[in-house]
Amino acid sequence: MLKLESVHTSYGHIEAIKGISIEISRGEIVCLIGSNGAGKSTTLMTISRILMPSKGSVLFEGKEIKNLPPHKIVSMGISQVPEGRRIFPKLTVRENLEMGAYLAVSDQRSAVSSRGEAPPRPKNNQLEHVFNLFPVLKERHKQMGGTLSGGEQQMLAIGRALMSRPKLLLLDEPSLGLAPIIVSKIFKTIRELNSEGLTILLVEQNAKAALKLAHRGYVMESGRVIKEGNGKELLDDPDIKKAYLGE
Ligand SMILES: Nc1ncnc2c1ncn2[C@@H]1O[C@H](COP(=O)(O)OP(=O)(O)O)[C@@H](O)[C@H]1O
Ligand SMILES: [Mg+2]
């Protein structure tokens, strides 16, 4: 479904990812682990084209997407939950969710209106799907995003990303700063979404939990992939245990 081939991405003169190659098949949960500054967020932002790679190729369902604008990437079916959640604090929960549908719908709309037809109305059963997944968001749909707890904001950020009906969900450290009970709930939701057919690329500091959940994983260090394997292989790897699992 997704294939990165020798991708390089820089911030000015600083090369943050240095030729990484990653593959994700339909239906998989793949995790990216590695210490702070390894290049995990940069990798996700390169896939969603918030950042432009300087070299290499990013293929989604066989098509090169590295030169497409970010909204096009969303409408093709890739959606990102950014690190630190980044919800809109001064919009209501419902408005936050509607913003997630906006990009995908606005792209259809421009395509249709250029043919002089009426724009389609967004189909909103996806809102129901998100409310079923996170009933607390339904209860609080009129509340400002900024008044939610950290865990609820993470649910909102995931819900917002789901509004565009992605095929591939990119999750950047969804457990960061959350209480263990909320982390379990988020991980349970990730498993549930995957069993409904969503493909997931998960970045996590919580390497142990991520490797238990994921089918496969990649380990990044200083902008490079240094190891890959299935979840169990990586969990049992002595180097990984020492460096990332605190064993
Ligand atoms: N906006 C930025 N400007 C310059 N350098 C950055 C920026 N964001 C990240 N970096 C650098 O790029 C490298 C990779 O960062 P990042 O992808 O955020 O790592 P991770 O998500 O694995 O912690 C780090 O060395 C970091 O300092
Ligand atoms: Mg990061």
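Look above for the structure.
Before going into details, it helps to say that this report is about the structure given with it. Keep in mind that what you see is a predicted model, and the values were worked out from it rather than measured. (Residues numbered from 1 in each chain as written. Chains lettered and ligands numbered in written order. Predicted model: local features only at pLDDT ≥ 70, side-chain atom pairs only at ≥ 80, totals over all residues. Heavy atoms only, no water.)

### Some details on the nonpolar core
In step 1: In this structure, Leu 137, Leu 169 and Ile 200 are the most contacted members of the largest nonpolar core, which totals 45 residues.
In step 2: Among the elements that take part in this core, helix α6 (residues 150-162) stands out by supplying 6 residues, more than any other.
In step 3: If you look at the next biggest cluster of nonpolar residues, it comprises 25 residues, including Ile 24, Val 30, Phe 60 and Leu 168. (Core = buried A, V, L, I, M, F, W, Y, C linked by side-chain atoms within 4.5 Å. Buried < 20%, exposed > 50% of the residue type's maximum accessible area, 1.4 Å probe, protein only. Helix = DSSP H or I, 4+ residues; strand = E, 2+ residues; numbered from the N terminus.)

### Digging into the coordination of the magnesium ion (ligand 2)
In step 1: Every protein donor of the magnesium ion (ligand 2) is listed here as Ser 41 (OG) and Glu 83 (OE), and their distances to the metal cover 2.1 to 2.4 Å. Remark: Glu 83 occurs in the loop between β6 (78-81) and α3 (93-113) and Ser 41 occurs in helix α1 (residues 40-47); sequence separation between them is 42 residues. (Donors = N, O, S within 2.8 Å, 3.2 Å for Na, K, Ca; no water.)

### Here we look at the sheet that holds strand β7 (residues 168-172)
In step 1: The strand order across the open sheet formed by 6 strands is β6-β7-β8-β3-β9-β10, and the pairing between neighbours is mixed. Of all the strands in the sheet, just β6 and β10 (224-230) have a single pairing partner and so form its edges. Within this sheet the neighbouring strands show an average axis-to-axis angle of 15 degrees, counted without direction.
In step 2: Sheet analysis places β6 next to β7, joined by 4 bridges and oriented parallel. Pairing of Ile 78 across the sheet is with Leu 168, part of β7.
In step 3: Here α1 sits on the sheet in contact with β3 (29-33), β6, β7, β8 (199-203) and β9 (216-221), set at roughly 150 degrees to β7. (Pairing = 2+ DSSP bridges. Axes fitted to C-alpha atoms, helices over the stretch in contact; angles between N-to-C directions. Contact = heavy atoms within 4.5 Å.)

### A word on the site of ligand 1
In step 1: Near ligand 1 the following residues occur: Tyr 11, Ala 16, Ser 35, Asn 36, Gly 37, Ala 38, Gly 39, Lys 40, Ser 41 and Thr 42.
In step 2: A distance of 2.8 Å is found between an oxygen atom of ligand 1 and a side-chain nitrogen or oxygen belonging to Lys 40.
In step 3: Burial of ligand 1 by the surrounding chains reaches 60%, relative to a free accessible area of 560 Å².
In step 4: In terms of residues, the shell around ligand 1 owes the most to one element, α1, which gives 3 residues.
In step 5: For the shell around ligand 1, the residue count by class is 3 nonpolar, 6 polar and 1 charged. (Near = heavy atom within 4 Å. Polar contact = N/O pair within 3.5 Å; in protein donor to acceptor, adjacent residues only side chain to side chain. Areas by Shrake-Rupley, 256 points an atom, 1.4 Å probe, with all protein chains shown as cover. Nonpolar A, V, L, I, M, F, W, Y, C, P; charged D, E, K, R; others polar.)

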